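Understanding the architecture of this molecule
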Amino acid sequence: MLFLVLSAVNIVRSNENGSLASSASFFFSVFTLCFFIGLIAIIAGTGGGVLFTSLFLGFTSVHPDIIRATGLLAAIAGTRIGARTYLRSIANIRIALLLGLPYTLFAVLGAFFGLYLTKHFGTFGIALIKLLLGFIVVGIGMAYIFVKRSEYPSITAVDSFTQKLGLEVPYFEQSIGKVVNYKLRHAWVAILLCCGVGFISGTFGLGAGWAIGPIINLIMSAPLKVATTTSAVIISIGDTAAIFPYFMSGSIIPIFAVPAVTGLMVGARVGSSVAVRIKARYIRYILVLILIFAGVRLIWVGLWMMV
Amino acid sequence: MDDGIGVDAKPKPPIEGRIYGEISGWITILGIVIALIGTFVSLASGNSIFDYNSTVRDLFSGCREYTIWVKDTVFHTEPYGYWFISKIGYGDGLAMLGIAVAIYGGIVGMVCLFAAMFRSKEVLFYKKGLYTLLALLILSVMLFCAWRAEFAL
């Protein structure tokens with residue numbers, strides 16, 4: 001699968017010299033690459049935004065504004081379609097609204113900041129974005145290895161701030177045939193962290209499932225399923241506002257954005273049905289390898305552009 | 001139970017969340033379908049505002065979006081706000097309309113979520129109206145960003 005992804009990267013890169021026979025082949029090259037990105041990402045248990053942005057920023061010379069705008073669009077489309085199912089059962093709309101506000105505000109600020117960097121600092125701004133994203137992507141890869149999530153975290157004490165918010169919404173867990181009543185804590189820490197995650201998401205055009213899920217699961221102690229589904233709802237809300245600065249700056253180019261977004265969505269759809277039949281652990285290792293590889297490449301390119 | 005797992009009847013998730021999910025999800029799907037149709041129209045008929053060969057070349061030369069819009073489109077200038085509304089006849093105009101519909105799905109969904117909170121006093125004033133206020137603030141940020149896209153360039 002890694003071979004297929006790298007082959008698709010090469011197909012897209014082979015179009016760089018302008019000798020493209022037809023725009024249709026460009027459309028299908030981008031679609032194919034993004035299909036595999038979406039497929040691998042969903043099987044490994046993440047969204048395609050991180051992989052898309054880091055691979056395209058690391059291995060092509062497409063301008064970062066265009067990649068980040070497309071990455072945000074892909075994150076919005078994927079999470080909205082997921083949220084449609086999740087909000088019927090498990091996702092907690094109160095957590096989504098509470099964390100969605102700081103996430104939204106800071107994602108918008110991040111988007112403006114990202115555009116400011118590339119517009120006013122030129123090559124140095126682009127290099128800085130690639131360098132910082134490289135470190136973030138390597139960090140995400142490491143987090144996938146070392147951070148262990150908890151299916152039903154146990155809580156001994158609930159702080160008064162979180163208790164006053166009345167965030168808990170019980171849900172029916174089909175796998176055990178019972179209603180899960182859970183308690184939450186440390187909401188203020190989660191709010192603060194979501195400010196930072198929103199800023200990163202807006203600045204680099206990433207989805208933020210890699211961060212918000214663990215924040216809700218490990219900091220607020222929500223059950224794993226509540227955390228992962230609610231994080232999709234938060235991203236669908238926050239990145240809607242964050243994409244407008246890119247939208248108004250003309251960073252969405254249809255011939256690039258449309259195949260990328262549809263490829264990621266179709267890949268994710270196929271991946272979700274394949275995921276139940278294969279060992280996701282190995283795909284997760286592949287994801288980590290790709291993330292670290294892309295991260296190191298981004299750091300290298302960023303440093304190269306700076307000197 | 002101390003592990004928080006009980007055997008009660010299935011609880012119904014808050015309807016405002018379900019309304020947001022359904023409406024934003026379906027509008028997003030609709031938008032993506034329109035965008036795909038628009039792109040296929042462009043590719044199949046050449047009815048496009050972009051010169052695709054030079055667009056692809058400039059994309060992979062690392063050109064800024066400004067350069068692409070100036071060099072490779074019929075506009076020869078940066079696009080202004082919702083430019084595609086006057087260019088629906090072109091495949092790319094239709095594709096951008098689809099993308100805009102997909103993006104706006106979140107705003108429409110949030111408006112409906114906010115409206116759904118008015119169905120009962122219990123929901124509207126839950127925790128002294130905290131969640132109604134949060135929904136209103138998020139919606140305001142979204143609308144401000146959407147407004148800025150057209151009028152504050």
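Residues numbered from 1 in each chain as written. Chains lettered and ligands numbered in written order. Predicted model: local features only at pLDDT ≥ 70, side-chain atom pairs only at ≥ 80, totals over all residues. Heavy atoms only, no water.

At the interface, 74 residues of chain B touch 74 residues of chain A. The largest contributions to the chain B side of the interface with chain A come from F60, E65 and I103 of chain B, which together make up 12% of the buried area. Our enumeration of links across chain B and chain A arrives at three salt bridges. Here R84 of chain A makes a salt bridge to E22 of chain B, at a shortest N to O gap of 3.8 Å. Joining chain B to chain A, the criterion identifies 13 residue pairs in polar contact (both at pLDDT 80 or more). Taken together, the residues of the side of chain B that touches chain A sort by class into 49 nonpolar, 14 polar and 11 charged. (Contact = heavy atoms within 4.5 Å. Buried area = accessible area lost by both parts, 1.4 Å probe. Salt bridge = Lys/Arg side-chain N within 4 Å of Asp/Glu carboxyl O. Polar contact = N/O pair within 3.5 Å; in protein donor to acceptor, adjacent residues only side chain to side chain. Nonpolar A, V, L, I, M, F, W, Y, C, P; charged D, E, K, R; others polar.)

Position of S236 of chain A relative to the elements: it lies in helix α9 (residues 224-248). Overall, S236 of chain A belongs to the buried group, its relative accessible area being 0%. Sequence-distant contacts of S236 of chain A, defined by excluding residues within four places in its chain, comprise T79, R80 and A83 of chain A together with Y20 of chain B. (Helix = DSSP H or I, 4+ residues; strand = E, 2+ residues; numbered from the N terminus. Buried < 20%, exposed > 50% of the residue type's maximum accessible area, 1.4 Å probe, protein only.)

We now examine a nonpolar patch on the surface. Residues and elements named next belong to chain A. On the surface, Y116, F121, F124, W300, L303, W304, M306 and V307 cluster together to form a nonpolar patch covering roughly 940 Å² of accessible area. Broken down by secondary-structure element, the contributors of at least two residues to the nonpolar patch are α5 (93-146) and α11 (280-306). Tallying contributions element by element places α11 first for the nonpolar patch, with four residues. With relative accessibility at 82%, the residue V307 sits in the exposed group. (Patch = residues over 30% accessible without salt bridge, like charges linked within 9 Å, V, L, I, M, F, W, Y side chains within 5 Å. Areas by Shrake-Rupley, 256 points an atom, 1.4 Å probe, with all protein chains shown as cover.)

Next up on the list: the environment of K128 of chain B. Residue and element names in this part refer to chain B. Among the structural elements, K128 can be located in the loop between α5 (121-124) and α6 (130-151). In this structure K128 comes out as exposed when scored by relative accessible area, which is 83%. Taking C-alpha positions, K128 is 22 Å from R18, a pair spaced 110 residues apart along the chain.

For the pair helix α10 (residues 254-274) of chain A and helix α4 (residues 91-116) of chain B, the least separation of the axes is 10 Å and the interaxial angle reads 50 degrees. Classified by the angle between their axes, α10 of chain A and α4 of chain B sit oblique to one another. When you trace α10 of chain A past α4 of chain B, the crossing you get is left-handed. For the pair formed by α10 of chain A and α4 of chain B, the contact residues are P254, A257 and V258 of chain A on the first element and D92, A95, M96 and I99 of chain B on the second. Looking at the contact of α10 of chain A with α4 of chain B residue by residue, the classes come out as six nonpolar, no polar and one charged. (Axes fitted to C-alpha atoms, helices over the stretch in contact; angles between N-to-C directions. Parallel < 35°, antiparallel > 145°, perpendicular 65-115°, else oblique. Left-handed = near helix turned anticlockwise from the far one by under 90°.)

Bringing α4 of chain B into the picture now. Helix length check: α4 of chain B, at 26 residues, gives a terminal C-alpha distance of 36 Å against a target of 38 Å (1.5 Å per residue), a fit within 8%. Where α4 of chain B bends most, the angle comes to about 30 degrees, and this point is Y104 of chain B. (Expected span 1.5 Å × (residues − 1). Bend = angle between axes of the 7 residues up to and from the residue.)

With the rule as written, the count across this model stands at seven salt bridges over all chains. A salt bridge links E65 of chain B to K119 of chain A; the shortest N-O distance between them is 3.8 Å. One end of the pair, E65 of chain B, is in helix α3 (residues 65-72); the other, K119 of chain A, is in helix α5, on a second chain. E65 of chain B sits in the buried class, given a relative accessible area of 1%. Residues E173 of chain A and K225 of chain A are paired through a salt bridge, measuring 2.8 Å at the closest nitrogen-oxygen approach. One end of the pair, E173 of chain A, is in strand β1 (residues 171-173); the other, K225 of chain A, is in helix α9, and 52 residues separate them in sequence.

Turning to the packing of helix α8 (residues 209-219) of chain A against α9 of chain A, a few remarks are in order. Residues and elements named next belong to chain A. Two numbers describe how α8 lies on α9: the axes approach to 8 Å, and their chain directions differ by 135 degrees. Considering the angle they form, α8 stands oblique to α9. Taken as a pair, α8 and α9 cross one another with a handedness that is right-handed. Where α8 approaches α9, its residues G209, I212, G213, I216 and N217 are matched on the opposing element by L224, A227, T230, S231, I234 and I235. Taken together, the residues of the contact of α8 with α9 break down into six nonpolar, five polar and no charged.

For any pair of aromatic rings, the description consists of the separation of the ring centres together with the inter-plane angle of the planes. Under the criterion given, the structure shown has 27 aromatic pairs over all chains. Both rings, one in Y116 of chain A and one in F121 of chain A, keep their centres 6.0 Å apart while their planes meet at 70 degrees; by these two values the pair is edge-to-face. According to the relative accessible area criterion, Y116 of chain A is partly exposed, its value standing at 43%. Ring centres of W69 of chain B and W83 of chain B lie 5.3 Å apart, and the angle between their planes is 70 degrees; this geometry places the pair in the edge-to-face category. In this pair, W69 of chain B is assigned in helix α3 and W83 of chain B in the loop between α3 and α4, connecting sequence segments 14 residues apart. On the basis of relative accessibility, which here comes to 1%, the residue W69 of chain B falls in the buried class. (Phe/Tyr/Trp six-rings, centres within 6.5 Å; stacked < 30°, edge-to-face > 60°.)

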